[in-house]
Amino acid sequence: MSRRTSRPRGTAPAGAGPGRITPQSPCPCGLPATYGDCCGRLHAGTAAAPTCEALMRSRYAAFVVRDAGYLLRTWHPETRPPSVDFDPAMRWTGLDILETTEGSAFHTTGTVTFRAHYSDGGRPDALHEKSRFVRHDGAWVYATAVFVD
C-alpha cells in the first residue's frame, strides 16, 4: 500500500492508531490470530514476512496501527518516500486479498491484488490496488503499485 495524504498532520482520532491495538487484539490483517502472534511480530522485527502476501498483510496492519517505521523499512529504497503521513480522519476497517502471483519462498518477485476498506471522516471507501513486491537483501519489500479503481 502506498497511500499517502496531503492533509495536515494532526492527532489521531480517539480510538485510532497504536493505542487501540494490543498484542491480544485480533490482528487487523484479517487472519485468525492475535496481533502479537501475527503482524505484531513482523512490526517488532522478531520475524520476517515469508511471502509477499504476508508482507502485504503486515503493511496493511502497519497502516492501522500507524507504524511509519515498519512501512519505511519494508519499502524498496528506490521507491521509498522520505516519510509516511497518516491522515488523522482515516480509519482502516478491513482487508480483502483478491489475488496473489508468485511471492513465495521460491520466488524473487510477486504481486498482491487487494481491496483495503477505510472510512475517511466517517465516509466509507476502499483502495483497490495491485502491489508489486521484490526481494531486497533477502527480504520481501514493497516496490510499486498500480491502482485498480
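Residues numbered from 1 in each chain as written. Predicted model: local features only at pLDDT ≥ 70, side-chain atom pairs only at ≥ 80, totals over all residues. Heavy atoms only, no water.

Undergrad: Looking at this structure, I do not really get the sheet that holds strand β3 (residues 123–136). What am I missing?
TA: Sheet strands line up and pair through hydrogen bonds in the backbone, either parallel or antiparallel. Here we have four strands laid out as an open sheet, ordered β1-β2-β3-β4, and antiparallel in their pairing. Each of the sheet's edge strands pairs with one partner strand only, and the pair in question is β1 (90–102) and β4 (139–147). Averaged over neighbouring strand pairs, the angle between their axes works out to 30 degrees when direction is ignored. Strand direction decides the pairing type here: strand β2 (residues 109–120) and β3, joined by 12 bridges, are antiparallel. Looking at β3, one finds that alanine 116 is bridged to leucine 127. Sitting on the sheet, helix α2 (residues 52–65) is in contact with β1, β2, β3 and β4, with an inclination near 170 degrees to β1. (Pairing = 2+ DSSP bridges. Helix = DSSP H or I, 4+ residues; strand = E, 2+ residues; numbered from the N terminus. Axes fitted to C-alpha atoms, helices over the stretch in contact; angles between N-to-C directions. Contact = heavy atoms within 4.5 Å.)

Undergrad: I'm lost on the side chain of arginine 59 in this one. Help?
TA: Of note, arginine 59 is situated in helix α2. Nearest to the buried, unbridged arginine 59 among oppositely charged side chains is glutamate 129, at 7.2 Å. Here leucine 71 takes part through its backbone oxygen, which lies 2.9 Å from a polar atom of the side chain of arginine 59. (Buried < 20%, exposed > 50% of the residue type's maximum accessible area, 1.4 Å probe, protein only. Lys, Arg positive; Asp, Glu negative; His and termini not counted. Salt bridge = Lys/Arg side-chain N within 4 Å of Asp/Glu carboxyl O. Polar contact = N/O pair within 3.5 Å; in protein donor to acceptor, adjacent residues only side chain to side chain.)

Undergrad: I tried to follow the nonpolar core on my own but got confused; where do I start?
TA: Nonpolar side chains tend to gather and get buried jointly when the protein is soluble and globular. Core analysis: the largest hydrophobic core is formed by 34 residues, its most contacted members being Cys39, Tyr60, Val84, Trp92, Phe114, Ala116 and Phe133. Mapped onto this core, the elements with two or more residues apiece are α1 (39–44), α2, α3 (68–73), β1, β2, β3 and β4. For this core, the element with the most residues is α2, which contributes nine residues. (Core = buried A, V, L, I, M, F, W, Y, C linked by side-chain atoms within 4.5 Å.)

Undergrad: So what exactly am I meant to see when it comes to the pairing of β3 here?
TA: If a strand is regular, its side chains alternate between the two faces of the sheet. Taking the residues between adjacent antiparallel strands as the criterion, β2 and β3 are bridged by two residues, where glycine 121 takes a positive phi near 60 degrees. In this sheet, β4 lies alongside β3 in antiparallel orientation, the contact comprising eight bridges. Note that in β4 the partner of arginine 135 across the bridge is tryptophan 140. In textbook terms, the turn of a hairpin is the stretch between consecutive antiparallel strands, and for β3 and β4 this stretch comprises two residues, one of which, aspartate 137, has a positive phi near 55 degrees.

None of this, on its own, says anything about what the molecule does.
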